[in-house]
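# Structural characterization, general
Listed here are the chains, written in short residue letters.
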Amino acid sequence: MNKDLQCNIHKNCPILFIDMLQASKKTLQCAQCVSNKIEEISFIYIPQVTNIEENLFLNNWPPISDNQLRKKIIQLKNENEDVIQKVIDFYDQLTQEIIKIISEKKKEQLIAVEKTLEFKLKIVDQYCKMASLNKINQFLVNESQKYEEIEKALKEQIDSQYNRIDEYTTILQSMIKQYELISKFNIQESTQIKDNVIELVKIINLFPSNNFDVSDEMLSLDNLAVYQKKLDQEYEINKKDNVKIELLINQLDICNKQLSNKINQLDWYLDDYLSSQQILIAKYQIEKAEFTNELQKIQKLSPKDIIYSSQNNSQNYIQAKLNSQGKILIQRIKSGSSYNECYINYVLKPQKKYLFRINLFQSKNNFTFNIGLNQYFNSYFLNNNGMSFQIQQLTQNQNQENQIIDPLAVAKTLEFRVCIQEQLMEYRNYPNYTNVVTLNYKKSINTNGQYYLGIQFTQDYLGDKLEIFDIQELDQFPNN
Ligand SMILES: [Zn+2]
């Protein structure tokens, strides 16, 4: 270090710190300079840098524009959760559980084999018993008996055994049947199940599978775009993988429940199982179809998709219908009430971005429409929940406030943008986008909330109407 480096303000004070702030008035600082502004954390102690402790970690350097990002990195550095141990534990446990089940099964099956072997001997034994050779033998070994006596006794014995021919046959038939039943060695099906289980075990991942291999060359300005593109691709793959796994888990879950429910049940018919599988598949198809329908519904709105608030008997005062272009038109049809409102019967998906393009027709120059979000149709007026806009006066001339204007003229065309998750709600003039009005109380939008788009006619002016001519559900807003 340059030992002669001294402060140009404080005499004879060696320079000890660097002020890392951008556009700092004085980058080289002595101890006195620093003590004057002790609250600043932008200083680096020079000896640390000159001794170059390898990988010296600073909480305020290098410069990055995202504070959250810095926090995450500092957190990474301080994190000492033992993930490795968790992975080891998970697989050890999995291994143990599987080994336990399998070794119990093995014992159980060996006992079953023993039983069949015993039973096999029992059948042979039973067959021998029925032959009653010992009895026959008795007659032959008895030396005191004469030929005729032996002939007679044997004949009787043989006849008596013939008398039991049906009994013998039925008993042996039953025993063989039982044996065949219990000794059926089912290697083929068991192998199939084994293969399936092995495939399943292969799917178990604690971390997402990915093709990431970020080389040092990637981490340069030249390759940054490539890196980001790759990152986006991996995100997409990961998203799809997650969906697949979720579906698989659902399927397995249902199969599992059916297995444990049904396999112990005596009257488990294959028909039941197949039909429940069909129901399951049908359910997915319906969900998919509903999803598509919903999308079509919001894009091609019909009057029956409009729900009127019961507040102030709104259905009596405003009405939706299709105009000649097939677009939805909502208008005041009767006077005598104000603050009448209606909703599009479609729950906005929090993660999606919505565009609603609307033509406003106003009969008078006054604040007349409120447009915004509501969680319920009937409990709160749209203008009271902090999530709506009172569409600003359409002309600037205050004197003309109550002047009647041409009811056929479009007073204003607006584009509403809504994204629940981002607590974003704004509107702009369309298509020029010269003015943007953003919702002030963003925080009132719950990022996971269920919201409907609502329209309120605040004034009792017959002839007020609006036309929703375009609705889009998007992943990204257009760039303007
Ligand atoms: Zn100084």
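Use the structure listed above.
The shown structure was predicted, so the numbers you read here are calculated from the model rather than taken from an experiment.

## Details of the pairing of strand β12 (residues 424-429)
Where strand β11 (residues 412-419) lies against β12, six bridges are found, and the strand directions are antiparallel. Counted as the bridge partner of E415 is R428 from β12. Count of turn residues in the β11/β12 antiparallel hairpin: four residues, of which Q423 carries a positive phi of about 50°. Relative to strand β13 (residues 436-438), β12 is paired through three bridges, and the arrangement is antiparallel. In the sheet register, E426 faces β13, and the bridge partner there is T438. Between the antiparallel neighbours β12 and β13 lie six residues, among them Y433 with a positive phi of about 55°.

## Focus: the sheet that holds strand β1 (residues 15-19)
The strand order β2-β1-β3 describes an open sheet built from three strands, whose pairing is antiparallel. For this open sheet the edge positions go to β2 (28-30) and β3 (43-45), each flanked by a neighbour on one side alone. Ignoring which end each strand starts from, the neighbouring axes of this sheet average 40° apart. Bridge count between β1 and β3: three bridges; the pairing is antiparallel.

## With respect to the nonpolar core
Counting residues in each nonpolar core, the largest one holds 38 residues, and the members touching the most others are I330, C342, F356, L373, F416 and V418. Residues contacting I330, with those up to four places away along its chain left out, are I306, I318, A320, C342, I455, K465 and L466. Counting residues in each nonpolar core, the second largest holds six residues, with I15, F17, C30 and F43 among its members.

## A short note on the pairing of β11
Sheet topology places strand β8 (residues 353-361) next to β11; seven bridges connect them, and they run antiparallel. Paired with L360 across the strands is K412, a residue of β11.

## Concerning the sheet that holds strand β4 (residues 306-308)
By way of backbone hydrogen bonds, the strands of a sheet pair with one another, either parallel or antiparallel. Strand order across the open sheet formed by five strands is β4-β7-β14-β9-β10, with antiparallel pairing between neighbours. Taken across any chain shown, the strands that pair with only one partner, and hence form the sheet edges, are β4 and β10 (388-390). Averaged over all neighbouring strand pairs, the angle between strand axes comes to 20°, with direction disregarded.

Procedures and definitions
Residues numbered from 1 in each chain as written. Predicted model: local features only at pLDDT ≥ 70, side-chain atom pairs only at ≥ 80, totals over all residues. Pairing = 2+ DSSP bridges. Helix = DSSP H or I, 4+ residues; strand = E, 2+ residues; numbered from the N terminus. Axes fitted to C-alpha atoms, helices over the stretch in contact; angles between N-to-C directions. Core = buried A, V, L, I, M, F, W, Y, C linked by C-beta atoms within 7 Å. Buried ≥ 20, exposed ≤ 12 C-beta atoms within 10 Å, placed from the backbone. Contact = placed C-beta atoms within 7 Å.

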